[in-house]
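Residues per chain are reported as follows:
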Amino acid sequence: MGRTLYAVANWKMNLRADQSAELAGQLADFSKSLNKAQVWIAPAAVNIPAVTYATESSGIKIGSQNVHWDKNGAYTGEISVEMLRHLNCSFAIVGHSERRRLFLESNELTAKRAVGALQQTFKVIFCVGENLSQRKSGETLAVLQAQLDPLLEASREFDTSGLLIAYEPVWAIGTGKVASIGEIEEAHAAIIDYWQNKANALPPPVLYGGSVKPDNVADILSVAEVSGTLVGGASLNFDSFKDIILAHEKLSC
Ligand code: PEP
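None of the values given here were measured: they were computed from a predicted structure.

Draft legend 1. Looking closely at the nonpolar core. Ranked by size, the top nonpolar core spans 64 residues in total, and within it Leu27, Phe126, Leu151, Trp195, Tyr208 and Phe241 carry the most contacts. Of all the elements, helix H8 (residues 181-199) adds the most residues to this core, at seven residues. Once you skip the residues sitting within four places of it in the chain, leucine 27 turns out to touch Trp11, Ile41, Ile60, Phe238, Phe241 and Ile245.

Listed below in C-alpha cells is the structure:
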C-alpha cells in the first residue's frame, strides 16, 4: 500500500497578504514538480484569497486555522465552512494548542468544531497533545484519549474520511525541542490503536507537529505511524519549508 505524506504549513498570525502571496507563489512553483507529497497551507484567514490566487492549479490545498460548526449565525469573529469553501479552501485546523491554551477552547468545543466541519464534508486536522507537566507526570496517553473521546463518540454517526489527527506535544511547539523518536512512536501508535479499537474503523492519518525543521524531518518521517508533519515556524521561510516538503516527497511511495 502507498504512503501519502502531508506537509502542512500553519502560518498562524504571521505575514501580511502581500508577503503571504509571495511565499505561496514560490511554494506553488516548486510544488508543480512534486508527484507524491501533499502540500497544505493554512494562512491567516484574512490572507486566504491572496494565497488561493497565488497557488491556483499548483495542487496545494489551502485551509483555515479554525472553523465554526454552524452554517451561519450570530457568532462574532467566527468563520463557516461555506465561507471557506467559497474561497476554495478544503480543510481547517481545529483544536490547535494555542486555541486550547490561550483562548480556553475545551475538548468538547473543539470536538464540536470538528464534527460540524466533517459533517459538511470539510477536511479537518484535529490537534491533540500534552503539556510538559502532563508528560512528566505520566499522563500523556490519558490526555490524548480525553482530547479524542468527544470527537470519537460523535463520529460514530458520520463519515470521518476527511479527518486527520495531528499529535503536537505542547512543549515542542515553537520551542526548538522535538519529541524523541520513541515518544513520537509511542504517541502515534496509541492514537492509532485507540481509534481502531474504540471506533472500530480505519484510523485517520496522524501527523506530527512540534519544532519540525529540515534537519529533523527525515527522522520524524522514518516512523511508520507518522503520515506527515504540521509545521509552524519553519514553514514561514521558503527554503526551509521547501526542504521539509522534499523530505515528504522522497519518503512518500
Ligand atoms: C504548530 O504551530 O503547529 C507548530 C508545530 O509550530 P512549530 O513548528 O513552530 O513548533
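There is more to say, and it comes next.
Draft legend 2. Geometry of the packing of aromatic side chains. Summed over the entire model, instances satisfying the criterion amount to six aromatic pairs. For the pair tyrosine 6 and tryptophan 40, a centre-to-centre distance of 5.3 Å together with 80° between the ring planes defines the contact as edge-to-face. Separated by 34 residues along the polypeptide, tyrosine 6 in strand E1 (residues 6-10) and tryptophan 40 in strand E2 (residues 38-42) bring together distant segments of the chain. The positively charged end of arginine 100 is found above the aromatic ring belonging to phenylalanine 126, 5.8 Å away from the centroid.

Draft legend 3. Layout of the sheet that holds E1. Spatially, the eight strands close up into a barrel ordered E1-E2-E3-E4-E5-E6-E7-E8, and their pairing is parallel. Here the average twist between neighbouring strands, direction ignored, is 25°. Bridge count between E2 and strand E3 (residues 61-64): two bridges; the pairing is parallel. Residue pairing in the sheet places tryptophan 40 in a bridge with lysine 61 of E3.

Rules used in this analysis
Residues numbered from 1 in each chain as written. Predicted model: local features only at pLDDT ≥ 70, side-chain atom pairs only at ≥ 80, totals over all residues. Heavy atoms only, no water. Core = buried A, V, L, I, M, F, W, Y, C linked by side-chain atoms within 4.5 Å. Buried < 20%, exposed > 50% of the residue type's maximum accessible area, 1.4 Å probe, protein only. Helix = DSSP H or I, 4+ residues; strand = E, 2+ residues; numbered from the N terminus. Contact = heavy atoms within 4.5 Å. Phe/Tyr/Trp six-rings, centres within 6.5 Å; stacked < 30°, edge-to-face > 60°. Lys NZ or Arg CZ within 6 Å of the ring centre and 35° of its normal. Pairing = 2+ DSSP bridges. Axes fitted to C-alpha atoms, helices over the stretch in contact; angles between N-to-C directions.

All we've got here are geometric facts, nothing functional implied.
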